[in-house]
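# Coordinate inspection notes
Here is how the chains run, residue by residue.
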Amino acid sequence: KDAAELQPLPEPVRGEVEYCNVHFGYTDDKMALHDISLLARPGQMTALVGPTGAGKSTLVNLLPAFYETTRGSITIDGQNIAEVSLESLREHISVVSQEPFLFNGTVGENIAYGNLDASAGQITGAAQAANCFEFIRELTDGFDTHVGERGVRLSVGEKQRISIARALLKDSPILILDEATASVDTATERLIQQALERLMSGRTTFVIAHRLSTIRDADQILVLKNGRVIERGPHDELVRQQGLYARLARIQNTTFIEESFAKLEPAT
C-alpha cells in the first residue's frame, strides 16, 4: 500500500533498472530468490531462463511492486522503488503476459486501455504496429467488435497481438514480457515476433523466455535455478562456457525450455 510520503519517479524516466542483493520469500522461512543482482540499461533486453519454479516470474513481479523485497533494493534511474508511489511506478512499466487479459468490451476499448486519452488514429497506429490491424478490419464491426468475456471470441494469437497493441499505446520505458507463442501456428508466431520486436525497441525489456530461439540476441541472459543466478552473459558466451545453458542449447529445438530442463535435471 502507498504511504503518504511516497513520491513519483523523477521525469523523464530513462528506465535503467538495478537489482542490488535482492532476497525474497513468500514466507519468512523459505526464500524464493537469493542475493539477485543485475543491471538492465535502457534499450537492453534481459532474458530469464530456468526450470519451472526457478524464480523467473517472482523476479520480474518485484519490479512493479506486486511484492516487496525481503532484503536488498530495486532502483529505477537510481531511485529506490520502495520510495515511489505505486501509480507512478506502474505508469512506467508495461506487462505483456503469457495469457493476455481482455475486458468484455470492444477491440478498440481493449487497445485504448493502454492510454485512455489516445485518439482513434493512435489506436489504429498501435494496431498496425502490433500486426493486428488486418484481422480487426475483417471483423464484423472492426474496432467496435465486442470481444466477449476475457476475449473469448478471439483466438489466442489475436488476443496476444491486441495486448501488444495496448502496450505500444502505453509507450512506457520498461517492459516485462512473458512470451506467449506456445499455442499458435507458425505464421501467427512470426506475426507476434515481429510485433514484439517493434514493442521492445528502445525499451528496458525483461523477457521470461520459453524458447532459446527468441533470446539469442539478448544483451544478457540470466540462468536461474532454485532462486539463484547460476550463469549470466550473452548467448554465445554462455554456449562457450559449456555449463547448464550450453547443455540446454544443445537439446533445444521446438520443445520449451521447462521441458528441456526436465530432461537435463539428472545431469545437474
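The structure under discussion appears in the preceding block.
Within each chain, residue numbers correspond to sequence positions counted from 1 in written order. pLDDT decides what is reported in this predicted model: residues at 70 or higher carry local features, side-chain atom pairs at 80 or more are listed and counted, and totals for whole chains, interfaces and linings draw on all residues regardless. With hydrogens and water stripped out, all remaining heavy atoms of the structure feed into the side-chain values.

## A look at the packing of helix α4 (residues 120-129) against helix α6 (residues 156-170)
Spelled out, the test is: Lines fitted to the C-alpha atoms define the axes, with helices restricted to the stretch that makes contact. Angles between their N-to-C directions range from 0 to 180 degrees. By definition, any uninterrupted DSSP run of H or I lasting at least four residues is a helix, any uninterrupted run of E lasting at least two residues is a strand, and each is numbered from the N terminus. By the definition adopted for this analysis, an angle is roughly parallel if under 35 degrees, roughly antiparallel if over 145, roughly perpendicular if from 65 to 115, and oblique otherwise. For any pair of crossing helices, the crossing counts as left-handed if the nearer helix is rotated counterclockwise from the farther one by less than a right angle, and right-handed if it is rotated clockwise. Two residues qualify as a contact provided that any one of their heavy atoms is within 4.5 Å of a heavy atom in the partner residue. Only Asp, Glu, Lys and Arg are considered charged in this grouping, and only Ala, Val, Leu, Ile, Met, Phe, Trp, Tyr, Cys and Pro are considered nonpolar; every other residue, Gly among them, is considered polar.
Remark: α4 packs on α6, axes separated minimally by 8 Å, with the N-to-C direction vectors making an angle of 125°. One way to sum up the angle between α4 and α6 is to call them oblique. Like other packed secondary-structure pairs, α4 and α6 cross with a definite hand, here right-handed. From α4, Gln122, Ile123, Ala126, Ala127 and Ala129 reach across to α6, where they touch Ala165, Leu168 and Leu169. Considered class by class, the residues forming the contact of α4 with α6 number seven nonpolar, one polar and no charged.

## Notes on the packing of aromatic side chains
Formally: Stacked, tilted and edge-to-face are the three classes assigned to paired rings of Phe, Tyr and Trp, where Trp is represented by its six-membered ring and a pair needs centres within 6.5 Å; plane angles under 30 degrees give stacked, over 60 edge-to-face, the rest tilted. Each residue is placed in one exposure class: buried if its accessible area under a 1.4 Å probe, protein chains only, is under 20% of its type's maximum, exposed if it is over 50%, and partly exposed if it falls in between.
If you walk through the whole model with that rule in mind, you get seven aromatic pairs. Between Phe101 and Phe103 the ring centres are 5.1 Å apart and the planes differ by 75°, which places this aromatic pair in the edge-to-face class. Judged by relative accessible area, Phe101 falls into the partly exposed class, the value being 35%. Accessibility expressed as a relative area gives 35% for Phe103, which makes it partly exposed. With a centroid separation of 4.9 Å and 55° between ring planes, the pair formed by Phe103 and Tyr113 is classed as tilted. Note that Phe103 is positioned in the loop between β6 (93-96) and α3 (107-112) and Tyr113 in the loop between α3 and α4, a separation of 10 residues in sequence.

## With respect to the environment of Asp28
Looking at the secondary structure, you find Asp28 in the loop between β1 (17-24) and β2 (33-40). In this structure, the C-alpha to C-alpha distance between Asp28 and Thr70, residues 42 residues apart in sequence, is 8.7 Å.

## Details of the nonpolar core
Put simply, the rule reads: Only buried residues count toward a nonpolar core. Its members are Ala, Val, Leu, Ile, Met, Phe, Trp, Tyr and Cys residues joined through side-chain atoms within 4.5 Å.
With 43 residues, the main nonpolar core has Val49, Ile111, Ile164, Leu199, Ile215, Ile221 and Tyr245 as its most contacted residues. Looking at this core element by element, the count peaks at six residues for α6. With residues near it in sequence (within four places) discarded, Ile164 still touches Val96, Ala130, Ile192, Ala195, Leu196 and Leu199. Among the nonpolar cores identified, the runner-up in size contains 30 residues, and Val22, Leu48, Val60 and Leu63 belong to it.

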